[in-house]
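Remarks on the overall topology
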Amino acid sequence: MTVLLELANIDVHYGAIHALRGISFSVAEGEIVTLIGANGAGKTTTLRAVSGMLKPTNGSIKYSGADIAGLKPHKLVARGLCHAPEGRGIFPNLTVRENLLLGAFLRRDTQEIAKDEAKGFALFPVLKERAAQPAGTLSGGEQQMLAIARALMARPKLLLLDEPSLGLAPQVTETIFRIIEEINKAGVTILLVEQNAHLALGIAHHGYVLETGTVVQSGTGQELLKSPEIRKAYLGE
Amino acid sequence: MRELLQHIINGVSQGAIYSLIALGYTMVYGVLKLINFAHGDVFMIGSMVGWYASARWTSEAQNPSIIGALGITALAMATCGLLGFVIERLAYRPLRKAPKINSLITAIGVSFFLEYGGQWLFGPNPRFFRVLPPHPAMTVAGLSIGYVDVVTIATSLLLMIVLQRIVFHSRMGTAMRAVSWNPDVAALMGINIDLVISFTFVLGSVLAGAAGILYASKYPSVHPLMGLMPGLKAFVAAVLGGIGNVPGAMLGGLLLGLAEQLVAGYGSSSWRDAVAFAILILILLVKPSGLLGRTTAEKV
């Protein structure tokens, strides 16, 4: 299996705060990899460093063989690395369709964009019903679906998802996770950050456990699900 | 009635100039959340370049022609566009991640730099300005419409239509609007934030350059501090319309111009400036988001 993304000894500082302390992990092409951990463990910071929203102070990030640490997000989107950020980041004043089209901002192949839009609507039928509605009027779950569908409009090779289950009802979360698996089966590599460790490890090929900015444990999703420490710390047993 | 219409025509022409300047304030605020207090001085540079081009470098001012006026306007717009680009690049970009107050103070610094740099280069004395060929006022239905007012209104209208096309119907405009809503997310859509910000400064400054020529044609005297008052008024216009809102800046400028003319016409012309600032205070008290401004709620 080829490695698509590899972080080696990544440090990130927010001013005086040392948020990531030498994080290393890798994501193979075609996998779903999840980062789990408590609030403040550095999960979101890791994603933000990968997508270029933050500049690591140390270490290297290799994507498709090239070092990308410190590159601006728009350069990475052009290379197929897309990030559906924490809090969904939809544009509330724009319609659902306009939000989707912004996801394809760098593309000029109008016909293919239309095809991808149709694919997105097939994946999330509720978005099709609401295509002309301002995105701010969608429910939380629908906004999350829109955020994922919009990220897919850039035809990502690697999709970063930040807490897609945040604030959603259990059934909605399950639907979203089922669709994440579908997206993965269609060939998109996924790096998933989640607080809901049970669900995330259930669909992940590999998982990494973060604590105060370092990786403390790793393994396949199933291994981690069975690990007594994980069950105790994150699965409430 | 005729008097009222006369005031309205004058007000619209004055307001159109405010609108052109206000657009620069509002667009820059939209993408950077910064009040670029040097914007009024960019407008002054527009007039200044016009004076140099018509009176110093050529003898166009002695015998103005339409072609010459167009060329001078284009030069003023281009110079201001370049100046806007340089100001953002050198003064604001290094402070992008610094607290907002630093950028604000820097904006005031840039403003002083242009005003007093201008006095050093140009001298403090006003110079006579002329780029439009003289033309008698037109009389329509008993109303006297000044040639300059016609040119001002027509030019502003044209520029605003072009701007509207750019902001609402072009890729760059889409990018500008996305950046103004949420720069972080816009970047994740593949939008080059630095490019969009540069573009916004250039666009706003180009409009200020055109406004500089129009304003100086109406009040034909240019000097390095002339940007101060129109700059402040245009800022009021932007706040009145809803800062960050493009149609709002157009509307705000128009309303402010009308209010000033009506107050000057029916009250006293010494209240002209007071009315602008009274409007500012009133709008901040009653509807701080401005006439077309929106307050958005975020869903969790």
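Residues numbered from 1 in each chain as written. Chains lettered and ligands numbered in written order. Predicted model: local features only at pLDDT ≥ 70, side-chain atom pairs only at ≥ 80, totals over all residues.

1. A short note on the interface of chain A and chain B
Counting residues at the interface gives 22 residues for chain A, matched by 14 residues for chain B. Counting residues per element, the ones that place at least two in the side of chain A that touches chain B are α2 (73-78), α3 (96-103) and α6 (140-152) of chain A. Among the elements that make up the side of chain A that touches chain B, the one with the highest residue count is α2(A) (4 residues). Residue composition of the side of chain A that touches chain B, grouped by class: 11 nonpolar, 10 polar and 1 charged. (Contact = placed C-beta atoms within 7 Å. Helix = DSSP H or I, 4+ residues; strand = E, 2+ residues; numbered from the N terminus. Nonpolar A, V, L, I, M, F, W, Y, C, P; charged D, E, K, R; others polar.)

2. Focus on helix α1 (residues 2-32) of chain B
The end-to-end C-alpha distance of α1(B) is 44 Å, a good match for the 45 Å that 31 residues give at a rise of 1.5 Å each. Within α1(B), 23 of the 31 residues are buried, which leaves it mostly tucked inside the rest of the structure. (Expected span 1.5 Å × (residues − 1). Buried ≥ 20, exposed ≤ 12 C-beta atoms within 10 Å, placed from the backbone.)

3. What to know about the sheet that holds strand β10 (residues 214-220) of chain A
All names here are of chain A. In space, the 6 strands of this open sheet follow the order β6-β7-β8-β3-β9-β10, with mixed pairing throughout. A single partner strand is all that each edge strand has here, and the edge strands are β6 (81-84) and β10. Sheet twist, expressed as the average angle between the axes of neighbouring strands with direction ignored, equals 15 degrees. Pairing geometry for strand β7 (residues 158-162) and strand β8 (residues 189-194), over 5 bridges, is parallel. Bridge pairing links leucine 158 to threonine 189 in β8. Across the face of the sheet, α6 comes into contact with β6 and β7 while running at roughly 170 degrees to β6. Packing of helix α7 (residues 170-185) onto the sheet brings it into contact with β3 (32-37), β7 and β8, and relative to β8 it is tilted by some 155 degrees. (Pairing = 2+ DSSP bridges. Axes fitted to C-alpha atoms, helices over the stretch in contact; angles between N-to-C directions.)

4. Looking at the sheet that holds strand β2 (residues 17-28) of chain A
Residue and element names in this part refer to chain A. Read from one edge to the other, the open sheet built from 4 strands follows the order β2-β1-β4-β5, with strand pairing classed as antiparallel. Only two strands of the sheet have a single neighbouring strand rather than two, namely β2 and β5 (66-67). Bridge count between strand β4 (residues 58-63) and β5: 2 bridges; the pairing is antiparallel. Within the sheet, the bridge partner assigned to tyrosine 63 lies in β5 and is alanine 66. Each of β1 (3-14), β2 and β4 touches helix α1 (residues 43-50); the most contacted strand, β2, lies at about 65 degrees to it.

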